[in-house]
Amino acid sequence: GPFHMPISNYSLTSLGYFNNSGIASAIGEKPFLGLYDSKAQGSMSVCEMITNIMGVYIGNINNIKCSANWMWATSVENETSKLYIAAKEMCDAMKVLGIGIDGGKDSLSMTVKHKDTVIKSPGELVITGYAPCSNINKKVTPELKKSNSNLVLIDFSHGKTRMGGSIFLKTCVATGLKNKLECPIIEDYNGLAKAFNIVQSYIYSNKILSLHDKSDGGLITTISEMAMSSKIGVDLTCFENETKNNDLLSFLFNEELGVVCEIENIYLQDFLD
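Scoring rules and cut-offs
Residues numbered from 1 in each chain as written. Predicted model: local features only at pLDDT ≥ 70, side-chain atom pairs only at ≥ 80, totals over all residues. Heavy atoms only, no water. 1 Å grid on protein atoms, 1.4 Å probe; cavity = no way out; pocket = protein on both sides within 12 Å on 5 of 7 lines; lining within 4 Å. Points joined across faces, edges and corners; volume = space filled by probe spheres on them. Helix = DSSP H or I, 4+ residues; strand = E, 2+ residues; numbered from the N terminus. Nonpolar A, V, L, I, M, F, W, Y, C, P; charged D, E, K, R; others polar. Core = buried A, V, L, I, M, F, W, Y, C linked by side-chain atoms within 4.5 Å. Buried < 20%, exposed > 50% of the residue type's maximum accessible area, 1.4 Å probe, protein only. Contact = heavy atoms within 4.5 Å. Polar contact = N/O pair within 3.5 Å; in protein donor to acceptor, adjacent residues only side chain to side chain. Pairing = 2+ DSSP bridges. Axes fitted to C-alpha atoms, helices over the stretch in contact; angles between N-to-C directions.

Trainee: Would you mind showing me how to read the layout of surface pockets here?
Mentor: A probe as big as a water molecule, rolled over the atoms, marks out the empty space that is left. When its volume is computed, the second largest pocket comes out at roughly 280 Å³. In terms of lining residues, the second largest pocket is bounded by 18 residues, among which Asn9, Glu48, Asn52, His212 and Asp213 are the most central. Elements supplying a minimum of two residues to the lining of the second largest pocket: strand S2 (22–29), helix H1 (38–53), strand S9 (210–214) and helix H6 (219–228). A per-class count over the lining of the second largest pocket returns five nonpolar, nine polar and four charged.

What follows is the structure, given as structure tokens:
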């Protein structure tokens, strides 16, 4: 955008000066979720990468290959089981999505001893996805492009607004409550794969103006970044069932998986259908 804000969802590299072929790459990682729910960490790390790379045309979700980087303190009690749970959910997700790992690295001794105290690093999984691009010009960026367009939230949580592991909770809520709240996790990987390919077809047809994933900070952060990076304001109308303060907070600040697309009026109904 005009202010060079660092909010890009993916990197895109041209493979030469004389054609449009290139390679796209994106990262997914959810270390904070791992403090509460290792299964959610494995699920959301994979899927954040998917929603990040969604903004550049790669043809089909099956073209994505991944590198997995593990950083874990496996010598500490219970950490090995957490690693197993995260790895199993990652594998289960990738099988359904039709993507795979062809490389990676691990650092499984993430502990240090200080006098009689063992200090461990939180378990971390970083998914790096990459795919070939036949035309590097078929892409969208997060900043808004026009006034009088429409913002559409594609929600992959089927209306759930789980707040566990969110930045809002980390900042504003007492520690005891954080541990009791359910974390976001993807329950319909097939739906995500189908939505990915539909959005890809709209990007190829130049029917999407902007796209930004709903991740750290939730929907309000996503839309704020899209607006601030473009110098274009937004009108937000919340749904009727979001009238209570608590519902509104969870709707705006939950970090369930999703993307926000900017669509012109002429394509809106077709896109919704």
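Trainee: What should I look at first to understand the nonpolar core in this one?
Mentor: As a rule of thumb, nonpolar side chains are buried together in soluble globular proteins. Formed by 55 residues in total, the largest nonpolar core has its most connected members in Met49, Ile50, Ile64, Leu97, Ile99, Ile127 and Ile208. When residues of this core are traced back to their parent elements, those giving at least two are S2, H1, strand S3 (65–71), helix H2 (79–97), strand S7 (124–133), strand S8 (150–155), helix H5 (189–204) and strand S10 (258–263). Counting residues per element, this core draws most heavily on H5, which supplies eight residues. Those residues within four positions of Ile99 in sequence are excluded, and the remaining contacts are Val46, Met49, Ile50, Ile61, Ile64, Cys66 and Met94. Membership of the second largest hydrophobic core comes to nine residues, among which are Leu219, Ile223, Met226 and Val260.

Trainee: What is the right way to read the side chain of Ser210 from this model?
Mentor: Position of Ser210 relative to the elements: it lies in strand S9. Its relative accessible area of 0% is what places Ser210 among the buried residues. One polar contact links Ser210 to Lys145, side chain to side chain, over a distance of 3.1 Å. Polar contacts involving the side chain of Ser210 include one to the side chain of Glu262, which spans 2.6 Å. Apart from residues lying up to four places away in sequence, Ser210 is in contact with Val140, Thr141, Pro142, Glu143, Leu144, Lys145, Met226, Val260, Cys261 and Glu262.

Trainee: Any chance you could explain the pairing of S7 here in plain terms?
Mentor: Taken residue by residue, a regular strand's side chains alternate between the two faces of the sheet. With seven of its 10 residues buried, S7 lies for the most part within the structure. Taken together, the eight bridges between S2 and S7 define a ladder with antiparallel strand orientation. Bridge pairing in S7 places Ser25 opposite Tyr130. Here seven bridges tie S3 to S7, and the two strands are oriented antiparallel to one another. Residue pairing in the sheet places Cys66 in a bridge with Gly129 of S7.

Trainee: Before we go on, may I ask you to explain the pairing of S10 in this structure?
Mentor: Taking burial as the measure, the six residues of S10 include six buried ones, the bulk of the element. Where burial is concerned, the two faces of S10 agree: the one with Gly258, Val260 and Glu262 and the one with Val259, Cys261 and Ile263 are both buried. Sheet topology note: the S8/S10 ladder contains six bridges and is antiparallel. Bridge assignment links Leu153 to a residue of S10, and that residue is Val260. The pairing of S9 with S10 spans five bridges and is classified as antiparallel. Across the sheet, Ser210 pairs through a bridge with Glu262, a residue of S10.

Trainee: How do you make sense of unusual backbone geometry when you look at a structure like this?
Mentor: Apart from glycine, the bulk of residues carry a negative phi angle, and the bulk of peptide bonds sit in the trans form. Residues other than glycine seldom take positive phi values, yet Asn78 does so here, at roughly 80 degrees. Examined against the element boundaries, Asn78 turns out to sit in the loop between S3 and H2. Residue Asn78 is classed as exposed on the basis of its relative accessible area of 51%. One non-glycine residue with positive phi stands out, namely His158, at about 55 degrees. Here His158 lies in the loop between S8 and helix H3 (167–172).

Trainee: I'm lost on the sheet that holds S9 in this one. Help?
Mentor: Either a parallel or an antiparallel arrangement is found when strands of a sheet pair, and the pairing is made through backbone hydrogen bonds. The sheet built from three strands is open, its strands ordered S8-S10-S9 with antiparallel pairing. Of all the strands in the sheet, the pair left with one neighbour each is S8 and S9. Each strand axis lies, on average, 20 degrees off the axis of its neighbour in the sheet, ignoring direction. Running at roughly 150 degrees to S9, H6 makes contact with S8, S9 and S10 of the sheet.

Trainee: Can you walk me through empty space enclosed by the protein in this structure?
Mentor: Tallied over the entire structure, the rule returns one cavity of 30 Å³ or more. Its volume calculated, the largest cavity comes out at about 40 Å³. Secondary-structure elements contributing two or more residues to the lining of the largest cavity are H1 and S9. Ranked by the residues each element gives to the lining of the largest cavity, the list is headed by H1, at three residues. Of the residues contributing to the lining of the largest cavity, the split by class is two nonpolar, two polar and six charged.

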